[in-house]
Amino acid sequence: ITKSNALIDGNTQSVIVDGSSTSANGLTLGGSNIIVRGLYIRGFKSAAAVVSGILIISGTGNRIEDNRVSDNTMGIGTGTGVNNFTIVDNIIGLNASGGASGNTMNGISVGGPPSNAVISGNTIAYSGGAAVSALVSGTLLISDNSMYCNTAEGINRHGGPADTPNQQTHHHKN
């Protein structure tokens, strides 16, 4: 999706985006100020490459909200240098009935140093990696997420400065 200011809203209908017959990304966002909400995105997997249910590759001001994202290689991902995005109130790693349907790798993966990015209010469970994996040399707020039954840490922070006593990040295996 490269059209800026686009709204993809599945809240009024039951919209399932099923990738079980492809090995590509589900939704790829390449514009700015795109809102994706109310979708059930599942089954985007590949043995040869990392594919995501939703992948933001460029643009600013994109918002991923109130989606269910499960059974993909990666749940939601961002490319290098993607800024000013919000990932909020999504259910990641649970199927429509609330059962385990984790993503093979991370629930959310931030691939480059973001600026003014927010990951908040999400439920992230049953990931084969971390709930959130983030390159944090930029500005990223991760708050008020429910993370459980993931194989690796709740938050895997890498690429940033070392922790100082007043800025400790605690990594918990859940």
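Everything in this summary refers to the structure shown in the same document. (Residues numbered from 1 in each chain as written. Predicted model: local features only at pLDDT ≥ 70, side-chain atom pairs only at ≥ 80, totals over all residues. Heavy atoms only, no water.)

## Some words on the pattern of salt bridges
Consideration 1: Counted by the stated rule, this structure contains 5 salt bridges.
Consideration 2: Here E65 makes a salt bridge to R63, at a shortest N to O gap of 2.3 Å.
Consideration 3: Of the residues examined, R63 reaches a relative accessible area of 31% and is grouped as partly exposed.
Consideration 4: Within this structure, D9, R37, R63 and E65 form a network of salt bridges that share partners. (Salt bridge = Lys/Arg side-chain N within 4 Å of Asp/Glu carboxyl O. Buried < 20%, exposed > 50% of the residue type's maximum accessible area, 1.4 Å probe, protein only.)

## Comments concerning the nonpolar core
Consideration 1: One finds V36, I64, I76, F85, I108 and I119 to be the most contacted residues of the largest nonpolar core, which totals 26 residues.
Consideration 2: Sequence-distant contacts of F85, that is, excluding residues within four places in its chain, are made with I56, N62, T78, V110, P114, N116, A117, V118 and I119. (Core = buried A, V, L, I, M, F, W, Y, C linked by side-chain atoms within 4.5 Å. Contact = heavy atoms within 4.5 Å.)

## Side note on the packing of aromatic side chains
Consideration 1: With the rule as written, the count across this model stands at 1 aromatic pair.
Consideration 2: With a centroid separation of 6.0 Å and an interplanar angle of 80°, the aromatic rings of Y126 and Y148 are classed as edge-to-face. In this pair, Y126 sits in the loop between β14 (123-125) and β15 (132-135) while Y148 sits in strand β17 (residues 146-148), placing the two residues 22 residues apart along the sequence. (Phe/Tyr/Trp six-rings, centres within 6.5 Å; stacked < 30°, edge-to-face > 60°. Helix = DSSP H or I, 4+ residues; strand = E, 2+ residues; numbered from the N terminus.)

## Details of unusual backbone geometry
Consideration 1: A positive phi angle is found at D71, which is not glycine, with a value near 60°.
Consideration 2: Mapped onto the secondary structure, D71 falls in the loop between β8 (68-70) and β9 (74-78).
Consideration 3: Residue classification places D71 among the partly exposed residues on the basis of a relative accessible area of 29%.
Consideration 4: Non-glycine residue N116 carries a positive phi angle of around 55°.
Consideration 5: Residue position: N116 is located in the loop between β12 (108-110) and β13 (117-120).

## Regarding the pairing of β9
Consideration 1: Most of β9 is tucked away: 5 of the 5 residues are buried.
Consideration 2: For strand β6 (residues 52-56) and β9, the ladder comprises 4 bridges, and the chain directions are parallel. Counterpart to L55 in the pairing with β9 is G77.
Consideration 3: Two strands pair when backbone bridges link them, and β9 and β12 are joined in this way by 3 bridges, in the parallel orientation. In the strand pairing of β12, G77 is matched with S109. (Pairing = 2+ DSSP bridges.)

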